[in-house]
Amino acid sequence: MGALLIWISSMAAAEIEYPALFKVYGIDPDEVLNVRRAPNTSAPIIGALNPETRNFEVIRTNPAGTWALVNVGEPSGWASLRFMRLQRKAGNGFHRYIRSCFGTEPFWNITFKDGRNAVFETPEGKLRLSLSPPANALLAGWETAVLGRSGNGLTVFSFFSKAACDDGMSDPSFGFRGSVVIRGQSPAEYVGCCTLTP
């Protein structure tokens, strides 16, 4: 019976496109879901998810589809997929669910507010953007894009792709790459990682 449950769980995991948002499921109120350094029960515990935890991002699963790679602070760790339930999968229109992208050298981030607005920030300042539907033209290597315009006439393209990513300075892993390209008087390009969580 146990083998059958693991097989069913693996089949369900294989049907989900990652990254995706999950919630903790089936944990008693006085217990936690352990996050471990590796996908097995003997690996050291590096963090925990409370029973009420929702909207956390699963980056990918192990080959068997029984453990999920999650970000709980730093570094990323593994938690049993048996105690999780899918909340939202990004699918083919994943650009609609990305909430933020960020990078280093220089430090930058862009936060997508509600599908219509975004805020792009660098140490030099903040740029508020009005968003348009995905652009038709894409740069090579990117899967989808969002077009933004600022009040001072700058055009900002945000490009996204599903790909393993790290920001080069911290331990968490991410499942999306992102790029922000600014066109105007001072053109610039920023490349980094993206996440489904704010």
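Reading the values: the criteria
- Residues numbered from 1 in each chain as written.
- Predicted model: local features only at pLDDT ≥ 70, side-chain atom pairs only at ≥ 80, totals over all residues.
- Heavy atoms only, no water.
- Helix = DSSP H or I, 4+ residues; strand = E, 2+ residues; numbered from the N terminus.
- Buried < 20%, exposed > 50% of the residue type's maximum accessible area, 1.4 Å probe, protein only.
- Pairing = 2+ DSSP bridges.
- Phe/Tyr/Trp six-rings, centres within 6.5 Å; stacked < 30°, edge-to-face > 60°.
- Salt bridge = Lys/Arg side-chain N within 4 Å of Asp/Glu carboxyl O.
- Axes fitted to C-alpha atoms, helices over the stretch in contact; angles between N-to-C directions.
- Disulfide = S-S within 2.5 Å.

Caption draft 1: Expanded view of unusual backbone geometry. The peptide bond linking Tyr18 to Pro19 adopts the cis configuration, its omega dihedral lying at 0°. Of note, Pro19 is situated in the loop between helix 1 (2–14) and strand 1 (20–24). A cis amide bond links Glu105 to the next residue, Pro106, at an omega of -5°. Mapped onto the elements of the fold, Pro106 is located in the loop between strand 8 (100–103) and strand 9 (108–112). Phi is positive for Asn55, which is not a glycine, with a value near 55°. Relative to the assigned elements, Asn55 resides in the loop between strand 3 (45–49) and strand 4 (56–61). Asn55 sits in the partly exposed class, given a relative accessible area of 43%. For Glu105, which is not glycine, the phi torsion reads 55° and is therefore positive.

Caption draft 2: Looking closely at the pairing of strand 6 (residues 76–80). Counted residue by residue, strand 6 has five buried out of five residues, so it is predominantly covered. Bridging between strand 5 (residues 67–71) and strand 6 involves five bridges; their strand directions are antiparallel. Paired with Asn71 across the bridge in strand 6 is Ser76.

Caption draft 3: View of the packing of aromatic side chains. For the structure shown, the criterion picks out seven aromatic pairs. Between the aromatic rings of Trp108 and Phe120, the centroid separation amounts to 6.1 Å while the plane-to-plane angle is 40°, which identifies the pairing as tilted. Highlighted residues: Trp108 in strand 9 and Phe120 in strand 10 (residues 117–122), separated in sequence by 12 residues. On the basis of relative accessible area, Trp108 is assigned to the buried category, the value being 3%. Between the aromatic rings of Phe112 and Phe160, the centroid separation amounts to 5.8 Å while the plane-to-plane angle is 70°, which identifies the pairing as edge-to-face. One end of the pair, Phe112, is in strand 9; the other, Phe160, is in strand 13 (residues 155–165), with 48 residues separating them in the sequence. In terms of burial, Phe112 and Phe160 fall into one category: buried. Cluster of aromatic residues (ring-pair linked, three or more members): Trp108, Phe120 and Tyr190.

Caption draft 4: Molecular detail of the pattern of salt bridges. Considering all chains together, one arrives at one salt bridge under this definition. When the shortest N-O distance is used, the salt bridge between Lys162 and Glu17 registers 2.8 Å. Note that Lys162 is positioned in strand 13 and Glu17 in the loop between helix 1 and strand 1, a separation of 145 residues in sequence. On the basis of relative accessibility, which here comes to 24%, the residue Lys162 falls in the partly exposed class.

Caption draft 5: Quick peek at the sheet that holds strand 10. The eight strands are arranged 8-9-10-11-12-13-14-15 in a closed barrel whose pairing can be described as antiparallel. Between one strand and the next, the sheet's axes are offset by a mean angle of 30°, whatever the strand orientation. Examined bridge by bridge, strand 11 (residues 125–132) and strand 12 (residues 144–150) share four bridges and lie antiparallel to one another. Note that in strand 12 the partner of Leu131 across the bridge is Gly148.

Caption draft 6: Structural detail: the state of the cysteines. If you walk through the whole model with that rule in mind, you get two disulfides. Between the sulfur of Cys101 and that of Cys194 lies a disulfide, 2.0 Å long from S to S. As the torsion about the S-S bond is roughly 105°, the Cys101-Cys194 disulfide counts as right-handed. Taken as a pair, Cys101 in strand 8 and Cys194 in strand 15 (residues 188–195) lie far apart in primary sequence, 93 residues in all. Both residues of the pair, Cys101 and Cys194, count as buried. Here Cys165 pairs with Cys193 through a disulfide, and the sulfurs are 2.0 Å apart. Disulfide Cys165 to Cys193: torsion about the S-S bond roughly -80°, handedness left-handed. Placement of Cys165 in strand 13 and of Cys193 in strand 15 is noted, with a sequence separation of 28 residues between them.

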